[in-house]
Amino acid sequence: MEDLVTARLVLHPMSAREAAALTRGTPGANPGWAPGYPTRADTTGALRHLETCEAHGDPAPFGAYEIRRREDGRAIGGLGFHGPPDQDGTLTVGYGLVPEVRGLGYATEALRALLFLARAYGVTRVEGDTDHGNTASQRVMTAAGMRLVGEDERLKYYAVDWPDQAVDAGEAEDAGEAREAGGS
């Protein structure tokens with residue numbers, strides 16, 4: 001699987017080897033990592049990816065991605081799916097950034113690219129959740145096109161649906177270009 005490239009980011013699909021290395025890393029120790037990376041959430045996501053790879057094989061393109069800035073190539077966070085789509089074509093997504101780059105629109109940019117990829121691959125629904133107090137994450141999901149679909153005492157639940165999966169030829173071509181390394 002090739003990198004997904006957006007205006008400011010490279011979303012690098014993690015291999016099992018890369019995920020294992022990330023789980024053993026010390027935040028900020030790798031010169032390719034921004035200060036504070038990997039966060040505990042990044043390590044948790046890498047562990048989930050390793051478990052999925054072990055149980056079902058590499059779920060690409062529905063695995064974990066490292067978020068890197070195009071300007072310097074440094075890893076600033078992670079995002080990904082919590083495994084392959086279920087029998088109904090539904091995926092769950094998660095994401096996070098190191099504190100120093102929050103509030104700059106990177107999470108929204110990355111999530112939009114991943115949602116576009118999911119739709120291009122025939123996924124019919126992507127879900128995500130966040131704590132009630134995490135208004136930044138709520139804004140990210142809303143800005144990326146997800147809508148609030150429910151809540152309980154702990155979490156708010158968001159989703160985006162494409163029940164007809166009518167992706168037009170222009171969108172499919174754009175998705176293919178977004179998968180090419182170095183494309184913009």
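Structure's up top.
Described in the following lines is the structure provided in the data block. Just so it is clear, the model here is predicted, and its values are computed rather than measured.

Conventions we followed
- Residues numbered from 1 in each chain as written.
- Predicted model: local features only at pLDDT ≥ 70, side-chain atom pairs only at ≥ 80, totals over all residues.
- Heavy atoms only, no water.
- Salt bridge = Lys/Arg side-chain N within 4 Å of Asp/Glu carboxyl O.
- Helix = DSSP H or I, 4+ residues; strand = E, 2+ residues; numbered from the N terminus.
- Buried < 20%, exposed > 50% of the residue type's maximum accessible area, 1.4 Å probe, protein only.
- Expected span 1.5 Å × (residues − 1).

## So, the pattern of salt bridges
Phase 1 of the analysis: Across all of its chains, the model carries six salt bridges by this definition.
Phase 2 of the analysis: The salt bridge partner of Glu-109 is Arg-8, with a shortest N-O separation of 2.7 Å. Placement of Glu-109 in helix 3 (residues 106-120) and of Arg-8 in the loop between strand 1 (4-5) and strand 2 (9-13) is noted, with a sequence separation of 101 residues between them.
Phase 3 of the analysis: Classification of Glu-109 by relative accessible area gives buried; the value is 15%.
Phase 4 of the analysis: Between Glu-66 and Arg-68 there is a salt bridge, and its shortest N-O distance comes to 2.8 Å.

## Digging into helix 3
Phase 1 of the analysis: Taking 1.5 Å of rise per residue, 15 residues should cover 21 Å, and helix 3 covers 21 Å from first to last C-alpha, within 8% of that figure.
Phase 2 of the analysis: A large share of helix 3 lies buried, amounting to 12 of its 15 residues.
Phase 3 of the analysis: Along helix 3, the positions that sit buried rather than exposed are Tyr-106, Ala-107, Thr-108, Glu-109, Ala-110, Leu-111, Ala-113, Leu-114, Leu-115, Leu-117, Ala-118 and Arg-119.

## Examining unusual backbone geometry
Phase 1 of the analysis: For the bond from Tyr-37 to Pro-38, the omega torsion is 0 degrees, close enough to zero to count as cis.
Phase 2 of the analysis: Note that Pro-38 resides in the loop between helix 1 (16-24) and helix 2 (40-56).
Phase 3 of the analysis: The omega angle of the peptide bond from Ala-60 to Pro-61 is 10 degrees, so this bond is cis rather than trans.
Phase 4 of the analysis: Take Pro-61: it is sitting in the loop between helix 2 and strand 3 (64-69).

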